[in-house]
Amino acid sequence: MIHFILNPNAGTNSLQKRERIVKTLKAIPHSKIWQTERMNHASELTRKALSEGATKIIAIGGDGTINEVASVLLYTSIPLGIIPMGSGNGLARHLGIPLEFNKALQKALEGTSFTIDSGKWNDRSFFCTAGIGFDAYVASHFASRGKRGFLNYIYSSLILLFNYRPVNIKEFGPIFSFTVANANQFGNNAFISPNSDLQDGLLEVIRIKPSNFFHIIILGISLFSKKMHLNSRSEVSTVKSLTFHTTIGIPYHLDGESLLIENEKNLVSILPSSLLVVK
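Description of the structure in this document.

### Details of the pattern of salt bridges
- For the structure on display, the rule yields four salt bridges.
- As a salt-bridge pair, arginine 38 and glutamate 44 come within 2.9 Å of each other at their nearest N and O atoms.
- Residue classification places glutamate 44 among the partly exposed positions, given a relative accessible area of 29%.
- Between glutamate 235 and lysine 209 there is a salt bridge whose closest N-O contact spans 3.8 Å. Here glutamate 235 is found in strand 12 (residues 234–239), whereas its partner lysine 209 is found in the loop between strand 11 (203–208) and helix 8 (213–224), with 26 residues between them in sequence.
- Taking the relative accessible area as the measure of exposure, glutamate 235 reaches 33% and is therefore partly exposed.

### A short note on the sheet that holds strand 14 (residues 251–254)
- Taking strand neighbours across the sheet as the criterion, the six strands line up as 12-11-10-7-14-15 in an open arrangement whose pairing is antiparallel. On the outer flanks of this sheet lie strand 12 and strand 15 (257–260), each paired with one strand and no other. Going across the sheet, the axis of each strand differs from the next one's by a mean of 20°, ignoring polarity.
- Judged from the four bridges that link them, strand 14 and strand 15 form a sheet pairing that is antiparallel. Bridging across to strand 15, proline 251 finds its partner in leucine 260.

### Here's the deal with the packing of aromatic side chains
- If you walk through the whole model with that rule in mind, you get eight aromatic pairs.
- Ring plane angle 85° and centroid distance 5.5 Å describe the contact between tryptophan 121 and phenylalanine 244, whose orientation is recorded as edge-to-face. Of the two residues, tryptophan 121 is situated in strand 5 (residues 113–121) and phenylalanine 244 in strand 13 (residues 241–245); the sequence distance between them amounts to 123 residues.
- Aromatic pair tyrosine 137 and tyrosine 164: ring centres 5.6 Å apart, planes at 65°, arrangement edge-to-face. Separated by 27 residues along the polypeptide, tyrosine 137 in helix 6 (residues 134–145) and tyrosine 164 in the loop between helix 7 (150–161) and strand 8 (167–169) bring together distant segments of the chain.
- We classify tyrosine 137 as partly exposed; its relative accessible area is 26%.
- Tyrosine 164 gets classed as buried once you look at its relative accessible area, which sits at 10%.
- An aromatic cluster is defined as three or more aromatic residues linked by ring pairs; in this entry it consists of Trp121, Phe172, Phe178, Phe244 and Tyr252.
- The positively charged end of arginine 207 is found above the aromatic ring belonging to phenylalanine 172, 4.2 Å away from the centroid.
- A cation over an aromatic ring shows up here: lysine 226 above the ring of phenylalanine 191, its NZ or CZ 4.6 Å from the ring centre.

So, how was this worked out
Residues numbered from 1 in each chain as written. Predicted model: local features only at pLDDT ≥ 70, side-chain atom pairs only at ≥ 80, totals over all residues. Heavy atoms only, no water. Salt bridge = Lys/Arg side-chain N within 4 Å of Asp/Glu carboxyl O. Buried < 20%, exposed > 50% of the residue type's maximum accessible area, 1.4 Å probe, protein only. Helix = DSSP H or I, 4+ residues; strand = E, 2+ residues; numbered from the N terminus. Pairing = 2+ DSSP bridges. Axes fitted to C-alpha atoms, helices over the stretch in contact; angles between N-to-C directions. Phe/Tyr/Trp six-rings, centres within 6.5 Å; stacked < 30°, edge-to-face > 60°. Lys NZ or Arg CZ within 6 Å of the ring centre and 35° of its normal.

Below you can see the structure in the form of structure tokens.
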């Protein structure tokens, strides 16, 4: 049986559109729909779906919802289908999954399953990107406003540009941002790591040096033109694992979800061929 896990609050869809989505899903034979009600609920529902013998789980929501479901499916034989409904949809975009609901649904139901790598930050999994610095502060500000959509990301970015201060990593010194990439983008076609490959068993680490306003504008252009790796403010390395030290309590993000650093010592690592996805 196919189990759908739907985050009804993802993205900026209207109540009417959400009702149409549920109606469409209910018409699919041999399926069951679960709807999330709070943070981490998607993980709980995924475990329930597995206990009921799910043969495929299809996550409907943003990268945060995808993260919760995928984290439970690591190293299982149950394929993950993705119907993107978030603000960024980074993993779906990297995989070439359509953003239009009906086309994504068809892919999730009829597409081919294959394995991809996952990332690990201490004890938490990520599938697209993770990091500290400017991007993490933007994710924190975005989450605190409670409003969704790309334009609200832009708003949070502009607000923070005028009072953001670089964060410090013991091994590298002050940085504007520090991103660990499994996929090639944050979402919304913001390509932080254009050459990242979900199946190469490697992570890209992108360190951006402290930058003035002019540098940041150029960085923004590089981000959306797939040239971040060519920008002189950006330093890229490829790793299987990396240990670094930073300040407890500063924001970090996993697949766009905002969290706070809990340990000075942090380990990021790759989990090769750990997740079965449908494309």
